[in-house]
Amino acid sequence: MKSILKLNKGRMSKRLIVFVMAIMLVPLTGMAQKNIFEKYSDSPDVTYVNIKPKMFQMIAKVGVDTSDPEAKAFMDMVKSITSFRTIVTDNKSISADISKWVKSHSSSLEELMEVKDDGTEVKFYVKEGKDEDHVKELLIFVNGVDKAMKGKGVEINGETRNIETVVVSFTGDIDLNEISKLTEKMNIPAGEHLNKK
């Protein structure tokens, strides 16, 4: 009887250890999929941009006529951005990983719009803000850029590069009526579609 109890205790402790380890690993697997921007920020196969809030505040102050209501609304929107991050890549495996991350991350967002044209896919996702014109997060995902460019590539830092995937994330108190102006000024692919929302 004692040997059966010892055997059961041994099995129970092994199961407990496996269970505890599984629980400890869950956050790590979640983190791996959680932040694609941090994952690829140092990769030589991507162009990574991370603009801090202070930079947006500086941009908002440069040459803006605050007596013009439209300029003031744009300036206020720019000041309200708390995060801007983007990844641009032509690496197929990184593109596939980004697509997987977008699919996972977008489950907590609402799809605003989808555009498919000649092998290129553009999706806009938002997290609801204080009213219907404002969002807390805007995620833009563009896949198949190279098809739209017909293999001609895009010039980045004086070098012509093919682009397969672009993912852009804005967070803050974002006015959707103003964001298209910002994406246009920053030359973000597919940003012009926001005018049509």
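Structure: above.
In this convention, every chain numbers its residues from 1, walking through the sequence in written order. Two thresholds apply to this predicted model, a pLDDT of at least 70 for residue-level local features and 80 or more for giving and counting side-chain atom pairs, whereas whole-chain, interface and lining totals are computed over all residues. With hydrogens and water set aside, each side-chain value is computed from the structure's full complement of heavy atoms.

A. Representation of the overall build of the protein within the structure. Secondary structure elements follow DSSP: runs of H or I no shorter than four residues count as helices, runs of E no shorter than two count as strands, and numbering proceeds from the N terminus. Helix and strand content of the protein: seven helices and eight strands. For every residue, the accessible area (1.4 Å probe, protein chains only) is compared with the maximum for its type, and the residue is labelled buried under 20%, exposed over 50%, or partly exposed between those bounds. Each of the 197 residues in the protein was classed as buried or not, and the buried ones make up 39%. Working rule for contacts: check all heavy atoms of both residues, and any pair within 4.5 Å makes them a contact. Sequence-distant contacts, at least 24 apart, represent 64% of the contacts inside the protein between residues at least 6 apart. Here the protein displays about 12300 Å² of accessible surface, and carbon together with sulfur accounts for 56% of that area. Surface accessibility follows the Shrake-Rupley procedure with a 1.4 Å probe radius. Residue values consider only the protein chains on display as shielding.

B. Here's a closer look at helix α4 (residues 69-79). Along α4, the residues that are buried comprise A71, F74, M75, M77 and V78. On an axial view of α4, the arc spanned by its buried residues comes to 160°, and they lie on one face. Within this analysis, the arc is defined by the directions that extend from the helix axis to the C-beta atoms.

C. Representation of the sheet that holds strand β4 (residues 120-128) in the model. Here a strand pair is declared whenever DSSP counts at least two bridges between the two strands. What the six strands build is an open sheet, ordered β1-β2-β8-β5-β4-β3; its pairing is antiparallel. Strands at the two margins of the open sheet, each flanked by one partner only, are β1 (46-51) and β3 (110-117). The average angle at which neighbouring strand axes cross in this sheet is 10°, direction not considered. The pairing of β4 with strand β5 (residues 134-143) spans eight bridges and is antiparallel. Looking at the pairing, F124 lines up with I140 of β5. Orientation is described by lines fitted to C-alpha atoms, with helices fitted over the stretch in contact, and by angles between N-to-C directions that extend from 0 to 180 degrees. Contacting β1, β2 (81-89), β4, β5 and β8 (165-175), helix α5 (residues 92-105) runs over the sheet at an angle of about 150° to β5.

D. Focus on the packing of aromatic side chains. Each pair of aromatic rings taken from Phe, Tyr and Trp, with Trp reduced to its six-membered ring, is defined by centres within 6.5 Å and is described as stacked if the planes are under 30 degrees apart, edge-to-face if over 60, and tilted in the remaining cases. The tally for this structure, following the rule as stated, stands at two aromatic pairs. Look at F37 and W101: their rings are 5.7 Å apart centre to centre, the planes differ by 80°, and that puts the pair in the edge-to-face class. With F37 in helix α2 (residues 36-40) and W101 in helix α5, this pair connects stretches of sequence that are 64 residues apart. For the pair shown, F37 and W101 are each scored as buried.

E. The pairing of β8, seen in detail. Counting buried positions over the 11 residues of β8 gives nine, a clear majority of the element. Pairing analysis gives eight bridges linking β2 to β8, with the strands arranged antiparallel. Residue pairing across strands places T89 opposite T165, the latter belonging to β8. As judged from the nine bridges shared by β5 and β8, these two strands associate in the antiparallel manner. The residue of β8 that forms the bridge with I140 is V168.

F. Geometry of the pattern of salt bridges. Criterion for a salt bridge: a side-chain nitrogen of Lys or Arg within 4 Å of a carboxyl oxygen of Asp or Glu. All told, the structure shown has six salt bridges when counted by the stated rule. Among the salt bridges present, the one from D97 reaches K39, with a minimum N-O distance of 2.7 Å. Placement of the pair is D97 in helix α5 and K39 in helix α2, with a sequence separation of 58 residues. A relative accessible area of 10% means that D97 is categorised as buried. Residue D173 is joined to K130 by a salt bridge in which the shortest nitrogen-to-oxygen separation is 3.2 Å. Separated by 43 residues along the polypeptide, D173 in strand β8 and K130 in the loop between β4 and β5 bring together distant segments of the chain. A relative accessible area of 30% places D173 in the partly exposed class. Via salt bridges that share partners, E114, K116, E121 and K123 belong to a single interconnected network.

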